[in-house]
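# Topology and contacts: notes
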Amino acid sequence: MNDLTPDRLAALKALLEVRKSTLLSQFPGRTASEFTRTPAVEEIETSPADSASNRTLNQLEAEADEHRLAQLAAIRHALAKFDQGEYGICESCGGPIGASRLDARPEACLCIGCQTRMERRGH
């Protein structure tokens with residue numbers, strides 16, 4: 001599990017748990033699996049400019065929700081890796097994910113080399 005000490009691993013897991021709770025709190029009364037978004041701004045018959053503004057606001061809110069849900073999925077995936085004893089192992093090459101990378105992005109599932117290659121390929 002690379003060069004991470006048990007204390008450091010515990011701190012990273014705790015950080016992931018806090019981030020998960022924070023994200024879940026942004027979906028009050030719902031779990032991410034039952035998430036259905038209601039429009040942030042009601043789209044009623046108004047002037048074309050108002051309707052366009054309302055649609056834009058709703059699209060932005062939907063994109064923000066999608067981003068939060070993607071973050072939540074990545075965090076849950078990382079927490080599952082702890083349970084499997086595979087946290088800190090690159091899912092592409094099987095090598096260790098550097099401790100400094102995990103400190104910066106505890107939900108990282110790829111080492112910096114594999115992440116860079118993936119981004120260069122445009123995926």
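Bear in mind the structure is a predicted one, so any value in this text is a computation, not a measurement.

Parameters and conventions
Residues numbered from 1 in each chain as written. Predicted model: local features only at pLDDT ≥ 70, side-chain atom pairs only at ≥ 80, totals over all residues. Heavy atoms only, no water. Helix = DSSP H or I, 4+ residues; strand = E, 2+ residues; numbered from the N terminus. Buried < 20%, exposed > 50% of the residue type's maximum accessible area, 1.4 Å probe, protein only. Contact = heavy atoms within 4.5 Å. Expected span 1.5 Å × (residues − 1). Arc of directions from axis to C-beta.

### Looking at the environment of Leu12
- Counting through the fold element by element, Leu12 comes out in helix H1 (residues 6-25).
- Judged by its relative accessible area of 4%, Leu12 is buried.
- Sequence separation between Leu12 and Leu102 is 90 residues; the distance between their C-alpha atoms is 7.8 Å.
- Not counting the four nearest positions on each side in its chain, Leu12 is found in contact with Leu4, Phe82, Tyr87, Leu102, Asp103 and Pro106.

### Notes on H1
- Relative to the 28 Å expected for 20 residues at 1.5 Å per residue, H1 spans 29 Å between its end C-alpha atoms, a close match to the ideal helical length.
- Buried within H1 are the following residues: Leu9, Leu12, Leu16 and Leu23. Buried residues of H1 fall within an arc of 65° about the axis and therefore sit on the same side. Exposed positions of H1 whose direction lies more than 90 degrees from the buried face are Pro6, Asp7, Val18 and Ser25.

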